[in-house]
Structure formats: C-alpha cells, structure tokens
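Breakdown of the fold
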Amino acid sequence: MRDSCMLPFTKEQIATTGEYCEKRSSPLPASILEQIKFTDQLHKDEVVMAPSESQCAWLMRFTQALRPKRILELGTFTGVSALVFYEATKEAQAEIVSMDMSETYLQYAQDAFRRYGAEHQIKTVKGPCLEMLPTLTGQFDLIYIDAAEEEYESYTRYILDHKLLSPHGVILVDDVLLEGLVVDPSIAKNFPEEIREPYLAIADKMDAFNRYAAKEPRVTTTMIPLFNGITQIMWK
Ligand SMILES: C[S@@+](CC[C@H](N)C(=O)[O-])C[C@H]1O[C@@H](n2cnc3c(N)ncnc32)[C@H](O)[C@@H]1O
C-alpha cells in the first residue's frame, strides 16, 4: 500500500521538489508573484506566514473550480491569498471579504489591491476575527481560515452556528499540521529554543481543533497532508 502522506524528503529535497513543481505548472499572474516578492522582504518571522507559489497555484485552481460568488478570508496578512482569490474570480467578480487585526498588514494589502486594480472586489475588515465575524451578513461559498491558530475551533463553530457557509460551500483551514508538531512534538527540537514552548502550546490547541473538526457532526472533514496541512470542511 502507498504511504498516504508526503514522500520521505530531506529539507533540501523538499525545496528542490517545490521548485520542480513550480517550473512545471502554469505561471501565476504577475500580481501574485510580485506580492510574494514584496512579502519576502519583510522580517523572516513574517515571511513564513505567506503561502508558497505552489500553494497559491493550488488555491487559485481550487477556487476557479469551485466558482464561488462570495469568499471570506480570516487573516489577510500582505494580501497574497486575497489576490489569489481575486485572480481566480476576476471575470465572475466574486465578492471577497478579508479580515485582519493588524493595521500595518492591512495597509500593505490595501496598497497591493489598489496597485492591481482589485480594490473594488476585495473588502477588508479590520479587527480581531472573533469580534468582527458577527458584523458579517449573508453566506460565503468559500471560507479560508488562516488567522489565529488557537481560535480555529471558535471560528469554525461560529461559521457553522450562524450558517455563514453556503449549502455547497467549502471551508479551507490552513496550517493544520503546524510544521508536523501535531503529529510529533519532538520536531520542536529543530526550532530555535525561544520559540519551542510557544509552538508546542499552539500545537496542542491545533490538535484539539483537528480532533473537534473530525467529530463535528454537521460536516464532513478531510485533512490533507499538503503544504503545512489543509483541512477541507463541507456541510453533510
Ligand atoms: C498566516 S497570516 C495570513 C496569511 C494570508 N492569508 C496569506 O495567505 O497571505 C495570519 C494573519 O492573521 C492575522 N491575525 C492573527 N490573529 C488574528 C486575530 N485574532 N484576528 C484577526 N487577525 C488575526 C495576522 O495579523 C496575520 O496577518
């Protein structure tokens, strides 16, 4: 039987394989590549929050296939994934709502949305997600959860309780494997000492979310060992 997870690569082989896949995929729109480049100039602790080119490519094609009319993103950061949603739904003019509590990051993102003519399609909401979610009305066909990992369960419960997800909609939750720490906490030994404990604490919360999502009776949940771990949630 085949392994259901990743191939047994070293860190260097993972990087080479990523480049191999990127070169053999259709090119991404310039707006996304340029905003990834912009993000790469930030501090190294911030750079890791942005998706890779491969993840952007996958997310863009997934969104195109889903044909959403309304998209909600929790966690805008510099706007890379919001631009992915924009590029994927430009013709259909989907409405994109993206939320973040950082004034600085929202400024970077809004500058980019203006630069690429996306500001009419992407609405930003400033504030903590748990405070701002109740300000939303209507339903969303695609919801991308990528903000505070320790709040993932509360976001999901709120979305389901208040039917923010449309009947055939999809929730994608990013980073659910948390660098593998949810599966094997000993991976923390590869991290700088000062961030080991905080990461392990988040891993416990993420593991609790993963257990909750698998048992949530209203939805089907699929954890995919892709990138840093993606979970796909849909109504039953
Ligand atoms: C992983 S980044 C999002 C990356 C972005 N989706 C992308 O793909 O380019 C997480 C973002 O969530 C924001 N964030 C963290 N906790 C939050 C909270 N409780 N409410 C709102 N935003 C939050 C951070 O400011 C950060 O910009």
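Residues numbered from 1 in each chain as written. Predicted model: local features only at pLDDT ≥ 70, side-chain atom pairs only at ≥ 80, totals over all residues.

Of regular secondary structure, the protein possesses 9 helices and 7 strands. Overall size of the protein, expressed as C-alpha extent along the three principal axes, is 45 × 40 × 40 Å. Within the protein, the fraction of its 236 residues that count as buried is 32%. (Helix = DSSP H or I, 4+ residues; strand = E, 2+ residues; numbered from the N terminus. Buried ≥ 20, exposed ≤ 12 C-beta atoms within 10 Å, placed from the backbone.)

Moving on: the environment of D184. As for its placement among the helices and strands, D184 is situated in the loop between β5 (165–174) and α9 (193–215). For D184 and A203, which are 19 residues apart along the polypeptide, the C-alpha to C-alpha distance reads 9.7 Å.

This brings us to the sheet that holds strand β3 (residues 122–126). Taken together, 7 strands build an open sheet; the order of strands is β3-β2-β1-β4-β5-β7-β6 and the sheet is mixed. Each edge of the open sheet is held by one strand with a lone partner, namely β3 and β6 (219–224). Neighbouring strand axes in the sheet, compared pairwise and without regard to direction, differ in orientation by 15° on average. Bridge analysis of strand β2 (residues 95–100) against β3 gives 5 bridges, and the strand direction is parallel. When the bridges of β3 are listed, S98 appears paired with T124. (Pairing = 2+ DSSP bridges. Axes fitted to C-alpha atoms, helices over the stretch in contact; angles between N-to-C directions.)

What follows is about the environment of T78. Relative to the helices and strands, T78 resides in the loop between β1 (70–74) and α5 (80–89). Take T78: there are 27 C-beta atoms within 10 Å of it, and that puts it in the buried class. Beyond its immediate stretch of four places on either side in the chain, T78 contacts Q35, F38, T39, A50, Y105, Y108, A109 and A112. (Contact = placed C-beta atoms within 7 Å.)

Once that is clear, we can look at the nonpolar core. With 51 residues, the main nonpolar core has L83, V84, I96, I143, I145, I171 and V173 as its most contacted residues. When residues of this core are assigned to their parent elements, the largest contribution, 7 residues, is made by α5. Dropping the residues within four chain positions of it, I96 is found in contact with I71, E73, A82, F85, Y86, Q121, I122 and K123. (Core = buried A, V, L, I, M, F, W, Y, C linked by C-beta atoms within 7 Å.)

The side chains of a regular strand alternate, first on one face of the sheet and then on the other. In the sheet, β6 pairs with strand β7 (residues 230–235) via 6 bridges, with the strands oriented antiparallel. Looking across to β7, one finds that I224 is bridged to I230. Adjacent in sequence and paired antiparallel, β6 and β7 are bridged by 5 residues, among which F227 carries a positive phi angle near 55°.

This brings us to helix α8 (residues 152–161). When we look at burial in α8, the residues that qualify are Y152, Y155, T156 and I159. All buried residues of α8 project into a common sector of 95° when viewed along the axis, lining one side. Along α8, the residues that are exposed and aim more than 90 degrees away from the buried face are R157 and D161. Of the surrounding elements, those touching the buried residues of α8 are β1, α7 (129–132), β4 (140–145), β5, α9 and β7. A positive phi of about 50° marks K163, the residue just after α8. (Arc of directions from axis to C-beta.)

All quantities given are derived from atomic positions and should not be read as evidence of function.
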